[in-house]
Amino acid sequence: MTAWSAEIAIGLPRVGVRPKLQRYAWVGLLVVLALIPVAVGFSTYYVWLLTVGCLFTSLALAWTILARCGQISLGHAAFFGLGAYTSAIFAQRLGGSPLAGMLLAAIVAASVATLLGAVAFRTRGLYFALATFAANEVIKAVVLNWDRVTGGAWGMVGIPDFPRLVVGGLTIDFQASRTPSYYLVLAFLAFSLLLSHALLNSRVGLAFAAIREGEDVAASLGVDPYRFKLLALLLSAALSGIAGAIYAHLVHFIEANTVFNISLSGLPLIMSLFGGLSRISGPAIGALALYLTDQLVFQPLFPSSHQMFYGAVLVIVLLLMPRGLVGWFARTRTKRS
Amino acid sequence: MLLVQSLLNGILIGCYYGLIAAGFALVLGVVRVFNLAHGEFLVLGAYVTYWLWVLFRLDPLTAMAPTLFVLSAVGLLTHRLLAHIGEPRGLNGLVITFGLSILAQNMLIQLWTADYRIVVVSYLENSIQLGPLTLSVGRLIVAGMSLLVITALQLFISHTYAGKAMRATAQDRDAAALMGIDVAQVDAAAFTLGIALAGIAGALFVPMNYVHPAAGQGPTIIAIILSILGGVGQIGAVLIAGVLLGILETLAVVFFGAQWREPVFFIVLLLALAIRPRGLLRGLGR
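Residues numbered from 1 in each chain as written. Chains lettered and ligands numbered in written order. Predicted model: local features only at pLDDT ≥ 70, side-chain atom pairs only at ≥ 80, totals over all residues. Heavy atoms only, no water.

Digging into the interface of chain B and chain A
- Counting from both sides, the interface comprises 45 residues of chain B and, opposite them, 44 residues of chain A.
- Buried area between chain B and chain A, both sides added, is near 4,000 Å², and the carbon and sulfur share of it is 79%.
- If you look at where chain B meets chain A, you find two residue pairs in polar contact (both at pLDDT 80 or more).
- At the level of secondary structure, the elements contributing two or more residues to the side of chain B that touches chain A comprise α4 (89-112), α10 (217-230), α12 (261-275) and α13 (281-285) of chain B.
- Sort the elements by how many residues they give to the side of chain B that touches chain A and α4(B) lands first, with 17 residues.
- Partitioned by chemical class, the residues of the side of chain B that touches chain A number 31 nonpolar, 10 polar and four charged. (Contact = heavy atoms within 4.5 Å. Buried area = accessible area lost by both parts, 1.4 Å probe. Polar contact = N/O pair within 3.5 Å; in protein donor to acceptor, adjacent residues only side chain to side chain. Helix = DSSP H or I, 4+ residues; strand = E, 2+ residues; numbered from the N terminus. Nonpolar A, V, L, I, M, F, W, Y, C, P; charged D, E, K, R; others polar.)

Structure below.
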């Protein structure tokens, strides 16, 4: 009855069917992204900028999967960081392939998510958010103190690159230029978008929506909230883990205070809320718009404190546009017609 | 003897933790905003005290008064902002203050760099020898001041009209409004008071700890833990929870090392959430 029992998250849409064209807007976005390197003449700077941007976009999509069940996570850096460390340790200390490392990262992140879910899903609403916030800090502390494996506060340096791939007669060398990395990240982004689309337009998506609208009602209709929330958390964590693994192999250097940072937990949340959660293209467009604005405008102006941009965006979004940018556009358009 | 010494230190630290949580619990209980930026307000108070000391050589204990004033103004302004958030207020409040905390941390970096700063006052550095036990004067004064402020707050809440209005609003908003209480005004007053209390905690923070833009995260977590364990509306219980946490922290540092100080907080928070999945409902229900 009071705000305490409310579990419906900010700006989440009611269940409903959208026109087909709108549902596939993300495909158009992918095509544009695939063509951009050609448009900027494969400029190393812009390609790299977009690479990281698309990686964070995937993270935002991963966060949104969980949000679609009405669960707001304030600790997604935990899964990103776990993935980064898993793959880095696997590749550097055990000599494994980074590609297998990505898979392992997904498994480790999903396993930890299962453990976290067992505790955190005892709580609801804002207490769930708090539990995720605390879990990230506990995992960070373990990584910081487990020096022998993780390198402690010094982090890990010289994480191997992705291996050279030969597909048909074509050799893909990740060291020679930034472009192959970009298309690798884009492929992962395409996978994330496809998964999000499949989830949203399936019975699972409907179950997520039902839980979001009211957990007790959903349970009374035969939808087991725990099972579906756990599924969402698992998928979300696995995707975030893979994003972390890719990050580690692209940047070659990770430290606990960066990959488990509170602003990294904030990033996907802010990007998704800014873009609006009502459709798949929302978080994607929000993420790219914010990341590019941050990097092109605020990073040069405030090199050490540009993250304040994201904080300000979050505050403004919650005050002015509770449904996010895409929801906002959609609403103004329906009004006009 | 090491055990007794750690217990004693834990109790002294715990009183201060009670003060950190007092403002947070007040805001949570009355305004129903889970203020994740509570620690950042504390850090701002610490910076105000620090600059008063650097620029005017003002003693941190004297600086509590101007710090209180500055933070009250900041609290009032912030409340004007938060008054506009929509339903569900619990979750929206949590997320918006999460944004505020990222914003505040980076603004502090921009203003005063990420350097670690501390106020060194000679009389706070002394210690008293009690047989085999050593008591730090600084910690004693901080704990004493904390108890003083908490007692004053308790008296204010139980004996004045404004305090009673706050309690009534915390117990049942609608009923309070029907009784002729202006709940919007009570909200503003409680939020401002809560932030002012964070400011006082900040003034007491900087002579004992290094302050830096990210220093607020620990205090925020402490405030959350104590409010969940102690429940809002019962300042005594919050204080007891503070002492328990202080003892636990001191023991963890003694047995496992200083790097486990903060992780202990988060593990306790996770356990607290597992034990009390519904959080503060118990404390609010009455």
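Next comes the rest of the description.
Side note on the environment of A:V185
- By secondary structure assignment, the location of A:V185 is in helix α8 (residues 179-200).
- With 129 residues separating them along the chain, A:V185 and A:F56 place their C-alpha atoms 9.9 Å apart.

Description of the nonpolar core
- By size, the foremost hydrophobic cluster in this structure holds 199 residues, and its most contacted members are A:I246, A:I254, A:L269 and B:Y16.
- Looking at this core element by element, the count peaks at 15 residues for helix α3 (residues 44-67) of chain A.
- Residues contacting B:Y16, with those up to four places away along its chain left out, are B:L42, B:V142, B:S146, B:A201, B:G202, B:L204 and B:F205. (Core = buried A, V, L, I, M, F, W, Y, C linked by side-chain atoms within 4.5 Å. Buried < 20%, exposed > 50% of the residue type's maximum accessible area, 1.4 Å probe, protein only.)

Let's talk about the packing of helix α6 (residues 126-145) of chain A against α10(B)
- Contact pair α6(A) / α10(B): the axes reach a minimum separation of 13 Å and the direction vectors enclose 135°. Judged by the angle between their axes, α6(A) and α10(B) are oblique. Here α6(A) runs over α10(B); the crossing is left-handed. Contacts between α6(A) and α10(B) involve A:Y127, A:L130, A:F133 and A:E137 on the former and, on the latter, B:Q217, B:I221, B:I224 and B:I228. (Axes fitted to C-alpha atoms, helices over the stretch in contact; angles between N-to-C directions. Parallel < 35°, antiparallel > 145°, perpendicular 65-115°, else oblique. Left-handed = near helix turned anticlockwise from the far one by under 90°.)

Side note on the packing of helix α2 (residues 38-56) of chain B against helix α3 (residues 60-82) of chain B
Residue and element names in this part refer to chain B.
- α3 packs onto α2 with a crossing angle of 135° between their chain directions and a minimal axis gap of 9 Å. One finds that α2 runs oblique with respect to α3. In this structure, α2 crosses over α3, and the sense of that crossing is right-handed. Here F41, L44, G45, V48, T49, L52 and W53 of α2 come into contact with α3, specifically with P60, A63, P66, T67, V70, L71, V74 and T78.

Notes on helix α4 (residues 77-92) of chain A
- Spanning 16 residues, α4(A) covers 22 Å between terminal C-alpha atoms, matching the ideal 22 Å at 1.5 Å per step.
- The buried count for α4(A) comes to 14 of 16 residues, which makes it a mostly enclosed element. (Expected span 1.5 Å × (residues − 1).)

A few points about the pattern of salt bridges
- If you walk through the whole model with that rule in mind, you get three salt bridges over all chains.
- Put simply, A:K140 and A:E137 hold a salt bridge, and the shortest N to O gap is 3.6 Å. Separated by three residues within a single helix, A:K140 and A:E137 lie in helix α6, roughly one turn from each other. The same class applies to A:K140 and to A:E137, which are both buried.
- The shortest N-O distance in the salt bridge between B:D187 and B:R173 comes to 2.8 Å. Pair noted here: B:D187 is in helix α9 (residues 183-205) and B:R173 is in helix α8 (residues 173-178), with a separation of 14 residues, a long-range link. (Salt bridge = Lys/Arg side-chain N within 4 Å of Asp/Glu carboxyl O.)

Let's talk about the side chain of A:Q71
All names here are of chain A.
- Checked against the element boundaries, Q71 lands in the loop between α3 and α4.
- Residue classification places Q71 among the buried residues on the basis of a relative accessible area of 4%.
- Side-chain polar atoms of Q71 contact the backbone oxygen of C69, separated by 3.3 Å.
- Residues contacting Q71, with those up to four places away along its chain left out, are L66, F121, F128, E215 and K229.

Focus: helix α6 (residues 137-159) of chain B
- When the terminal C-alpha atoms of α6(B) are compared, their 32 Å separation across 23 residues agrees well with the 33 Å that a helix rising 1.5 Å per residue should span.
- Among the residues of α6(B), B:V137, B:G138, B:V142, B:A143, B:S146, B:V149, B:I150, B:L153 and B:I157 are the ones counted as buried.

Section: the environment of A:S220
All names here are of chain A.
- Summarising the element assignment, S220 is placed in helix α10 (residues 215-220).
- Separated by 31 residues in the primary sequence, S220 and V251 have C-alpha atoms spaced 48 Å apart.
- Within the local environment of S220, its side chain forms a polar contact with the backbone oxygen of V217, the two atoms lying 2.6 Å apart.

Here we look at unusual backbone geometry
Residue and element names in this part refer to chain B.
- The phi angle at R57 is positive, at roughly 55°, despite the residue not being glycine.
- Within the secondary structure, R57 sits in the loop between α2 and α3.
- R57 sits in the exposed class, given a relative accessible area of 58%.
- With a phi angle near 55°, T113 is a residue other than glycine that sits in the positive phi range.
- Within the element layout of this structure, T113 appears in the loop between α4 and α5 (122-125).
- Residue T113 is classed as partly exposed on the basis of its relative accessible area of 38%.

Topic: the packing of aromatic side chains
- Inspection of the entire model under this criterion finds 19 aromatic pairs over all chains.
- Where A:Y45 meets A:Y46, the ring centres are 5.0 Å apart and the plane angle is 75°; that geometry is what we call edge-to-face.
- Residue A:Y45 is classed as partly exposed on the basis of its relative accessible area of 46%.
- Under the relative-accessibility criterion, A:Y46 is labelled partly exposed at 40%.
- Site record: aromatic cluster; members linked through ring pairs are B:Y47, B:Y50, B:W51 and B:W112.
- Sitting over the face of the ring of A:W48, A:R178 holds its NZ or CZ atom 3.8 Å from the ring centroid.
- In this structure, A:R227 is placed above the aromatic ring of A:F228, and the distance from its NZ or CZ to the ring centre is 5.7 Å. (Phe/Tyr/Trp six-rings, centres within 6.5 Å; stacked < 30°, edge-to-face > 60°. Lys NZ or Arg CZ within 6 Å of the ring centre and 35° of its normal.)

So, a nonpolar patch on the surface
Residues and elements named next belong to chain A.
- A surface patch of nonpolar side chains, about 550 Å² in accessible area, is lined by V40, Y45, Y46, L296, V297 and L301.
- Of all the secondary structure elements, the ones that give two or more residues to the nonpolar patch are α3 and α14 (281-301).
- The element that contributes the greatest number of residues to the nonpolar patch is α14, accounting for three residues.
- Of note, V40 is situated in the loop between α2 (25-39) and α3.
- Looking at V40, the relative accessible area reads 32%, which means it is partly exposed. (Patch = residues over 30% accessible without salt bridge, like charges linked within 9 Å, V, L, I, M, F, W, Y side chains within 5 Å. Areas by Shrake-Rupley, 256 points an atom, 1.4 Å probe, with all protein chains shown as cover.)

Thoughts on the pairing of strand β1 (residues 127-130) of chain B
Residue and element names in this part refer to chain B.
- Pairing analysis gives four bridges linking β1 to strand β2 (residues 133-136), with the strands arranged antiparallel. Within the sheet, the bridge partner assigned to Q129 lies in β2 and is T134.
- In this structure, the hairpin formed by β1 and β2 is closed by a connection of two residues, where G131 is found at a positive phi of approximately 60°. (Pairing = 2+ DSSP bridges.)

Considering the confidence of the model for chain A
- Of all residues in chain A, 89% attain a pLDDT of 70 or more, and the chain-wide mean is 85.
- Low pLDDT, under 50, characterises residues 1-11 of chain A; the predicted model gives this stretch 34 contacts beyond four residues in sequence or across chains. (pLDDT = per-residue confidence, 0-100.)

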